[in-house]
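Chain and residue survey
The primary structure of each chain is shown beneath.
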There are 2 protein chains.
Amino acid sequence: MNEKTTIYDIAKALNVTAATVSRALNNNPKISAATRKLVMETAAKMNYKQNKLALALKSGKSNNVGVVVPYIDRNFFSAIIRGIEEELYPLGYHVIICQTHEQESAEIDNINALLNAQVDGILMSVSKLSTQTSHFEHVLNKNVPLVFFDRKKDVKGVSTVTIDDYQAGYNATKHLIEQGCSKIAHLSGDWALEIYKNRYKGYKQALLDNGITFNKDYVIKTKSDIKAGHKSVEKLMTLETPPDAIFSSSDYVALGAIQQLKKMGVKIPDDFCVIGFSNEPFTKFMELSMSTVDQLPVEMGKMSAKVFLEQVKESNVKIEKKVVLAPNLKIRATSTKK
Amino acid sequence: MNEKTTIYDIAKALNVTAATVSRALNNNPKISAATRKLVMETAAKMNYKQNKLALALKSGKSNNVGVVVPYIDRNFFSAIIRGIEEELYPLGYHVIICQTHEQESAEIDNINALLNAQVDGILMSVSKLSTQTSHFEHVLNKNVPLVFFDRKKDVKGVSTVTIDDYQAGYNATKHLIEQGCSKIAHLSGDWALEIYKNRYKGYKQALLDNGITFNKDYVIKTKSDIKAGHKSVEKLMTLETPPDAIFSSSDYVALGAIQQLKKMGVKIPDDFCVIGFSNEPFTKFMELSMSTVDQLPVEMGKMSAKVFLEQVKESNVKIEKKVVLAPNLKIRATSTKK
DNA sequence: TTGTAGGCGTTATCAG
DNA sequence: CTGATAACGCCTACAA
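Fair warning: this is a prediction, and the values are worked out from it, not measured in the lab.

1. Thoughts on the protein's contact with DNA strand C
Contacts to DNA strand C come from 25 residues, most closely from Thr20, Arg23 and Lys58 of chain A together with Ser22 and Tyr48 of chain B. Taking the atoms of DNA strand C that fall within 4 Å of the protein, sugar and phosphate contribute 59% of them. The backbone of Thr17 of chain A places a nitrogen or oxygen atom 3.0 Å from a phosphate oxygen of DNA strand C. The separation between a base nitrogen of DNA strand C and a polar side-chain atom of Lys58 of chain A is 3.5 Å. The set of elements that each furnish at least two residues to the surface near DNA strand C consists of α2 (18-25) and α4 (52-59) of chain A together with α1 (7-14), α2 (18-25) and α4 (52-59) of chain B. Taken together, the residues of the surface near DNA strand C sort by class into 10 nonpolar, nine polar and six charged.

This is the structure in structure tokens:
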């Protein structure tokens, strides 16, 4: 009971060979119903459990996938992981998680460790501070499927699952315009990440399409925290003509902005509208529920898993799939004028 | 470059044997400095990476630990996982995550799958619906370290890391009393989970210690969602003498309670105080920031990892360690009278 | 239908 | 110091 029983133990107990036991256990057709039954029964009796490690070594498939994210306790990422896990677990895969803390060095380290662990694939969101792409190409060279979700880099052969950030920026901005706002500021992130650049582009195009001239002073690139929101609003409100709305690329920055605006006595949403990004859980529970863009992270995770599965199924073909999900604008109190 | 290179490839290239290569790579003392250097260099040149799978099969140690939680995208759990990962990754361990969705069947399934995958340990929070303990004993029988964090069952040989829920309940209640509340209700969870029972006990004792008679009608066992908060308040406020405060075992229930109280026109915190449990991120950002009990999940995760590490270090001895962390009462607006 | 033998990539034990 | 060999647990041609 205590010791691990192997197919050899079963074989010995039944006076057959391990090969026979293996065949019986795997429903191999070339075996008599009688011995199969016998093997099954004694296997159960001896509490046999297949050693996946041995199987993995033999087959070259570990049935593990690696998931690399900046921080696992950021709701957006944990929801994605949830989606991945729920899609992959029923097929016998396990999910190994790694965190980069937004450091490229950790990202490289993680990838190498996962490769050494012989994962069957790597699903990841690239770190904000990543500039190189050689570690990604390294993965591909080992014929390990690589899927980027949300944050991606342009690497040939890598499939990606993203939301349409351009469209999200466009829709959010258009909505603000429809609410009567005309001086719309945009709080963005580092443009080294495509997501931020695309949200910005959508923002800009929505302005142009609605006859609003683009004002460079209304665009601020910041970090993604509450304090950044405070500072940005301080800066914006000292402009000659301050804005009357903010589309922020981050819920946290938007939160900070709202706090600062309140402090300054600005009335939201009547005099000023705000939209954030990510649909962080807290946005729903704020004094004024915050409008935001839902990125459907669980769906994104499931989709990433599916793309990975296609990849392994057609391992002979090189697939490079680009899935773009539609964003979901959540219109709430901070952008709803009466 | 494309194919995986093994120690045999290196051996062949150097006209030595694989054993020699292995020794060189592992800094085995029985090897000449010259050959070691040579091996190291060509290994680097051929882009050799150790196959951890083979090593795992050989050594019986996979360097993977399994973490089982109800849902990975619940902030409390993802923060714990973050702590575990950060503690274990530097030591070469990988974290495999599984979700139970609060189902016992899934829990059993997860554990078996992890065992088959030859994990070196399992860290978990038991599902709300778990009643059996045989699957836990099964883990111990295989000599795989098992650590419970937060939610535990009484199983001999299992180490646990929890916060002092009794103390947390006591402190929260005492704080409410100090705020002038005397008719304090308690919204609890299923007492099959010790955490809820202990919070209740602390609540009760604090009442007694402060000369407040315990009122059975003030205690309601509910699910842990917002709707449960609505319903509980509805019920409580129809009592002959309704309460003037709530200590809730869940932030979500507390949120629902607050929403319902507002709807009924009850003034918080002046006429009614509320304290939740878990320090969910949203509590800080509510209209009135919510008082709550912080369980220090990242610390809890790190501690769980440390307990696991002790366990593997002393694999010959059976350790059963019970770590109890101090809770951290976060006093915010919903329980601060002027 | 079943047995034999070899191999997945490493490391450990013995010799030499 | 280095080489040969066996072993970890499983699967799969090939042979019987």
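2. Quick word on the sheet that holds strand β3 (residues 121-124) of chain B
With mixed pairing, 12 strands are arranged side by side in an open sheet as β11(A)-β5(A)-β4(A)-β3(A)-β1(A)-β2(A)-β2(B)-β1(B)-β3(B)-β4(B)-β5(B)-β11(B). Both edges of this open sheet fall to β11 (322-325) of chain A together with β11 (322-325) of chain B, since each of them pairs with a single strand only. Strand-to-strand twist of the sheet, defined as the mean angle between neighbouring strand axes without regard to direction, takes the value 20 degrees. Pairing of β3 of chain B with strand β4 (residues 146-149) of chain B involves three bridges; the strand directions are parallel. Note on β4 of chain B: the bridge partner recorded for Met124 of chain B is Phe148 of chain B. Helix α7 (residues 134-141) of chain A contacts β3 (121-124) and β4 (146-149) of chain A of the sheet and is inclined by roughly 140 degrees relative to β4 of chain A.

3. So, the protein's contact with DNA strand D
Taken together, 25 residues lie around DNA strand D, and Ile7, Tyr48 and Gln50 of chain A together with Thr20 and Arg23 of chain B are the ones closest in. Within the contact set of DNA strand D, a base nitrogen lies 3.4 Å away from a side-chain nitrogen or oxygen of Arg23 of chain A. At the level of secondary structure, the elements contributing two or more residues to the surface near DNA strand D comprise α1 (7-14), α2 and α4 of chain A together with α2 and α4 of chain B. Grouping the amino acids of the surface near DNA strand D by side-chain chemistry returns 10 nonpolar, 10 polar and five charged.

4. What to know about the state of the cysteines
All names here are of chain A. Summed over the entire model, instances satisfying the criterion amount to zero disulfides over all chains. Distance from the sulfur of Cys181, which forms no disulfide, to the nearest cysteine sulfur (Cys273) is 3.8 Å. With relative accessibility at 2%, the residue Cys181 sits in the buried group.

5. Quick word on the packing of α2 of chain A against helix α3 (residues 33-45) of chain A
Helix-helix packing: each pair is described by the crossing angle between the helix axes and the interaxial distance. Residue and element names in this part refer to chain A. Two numbers describe how α2 lies on α3: the axes approach to 9 Å, and their chain directions differ by 90 degrees. If you check the angle between α2 and α3, you find them roughly perpendicular. Between α2 and α3, the residues in contact are Val21, Ala24 and Leu25 and Arg36, Val39, Met40 and Ala43, respectively. Classifying every residue of the contact of α2 with α3 gives six nonpolar, no polar and one charged.

The rules behind the values
Residues numbered from 1 in each chain as written. Chains lettered and ligands numbered in written order. Predicted model: local features only at pLDDT ≥ 70, side-chain atom pairs only at ≥ 80, totals over all residues. Heavy atoms only, no water. Near = heavy atom within 4 Å. Polar contact = N/O pair within 3.5 Å; in protein donor to acceptor, adjacent residues only side chain to side chain. Helix = DSSP H or I, 4+ residues; strand = E, 2+ residues; numbered from the N terminus. Nonpolar A, V, L, I, M, F, W, Y, C, P; charged D, E, K, R; others polar. Pairing = 2+ DSSP bridges. Axes fitted to C-alpha atoms, helices over the stretch in contact; angles between N-to-C directions. Contact = heavy atoms within 4.5 Å. Disulfide = S-S within 2.5 Å. Buried < 20%, exposed > 50% of the residue type's maximum accessible area, 1.4 Å probe, protein only. Parallel < 35°, antiparallel > 145°, perpendicular 65-115°, else oblique.

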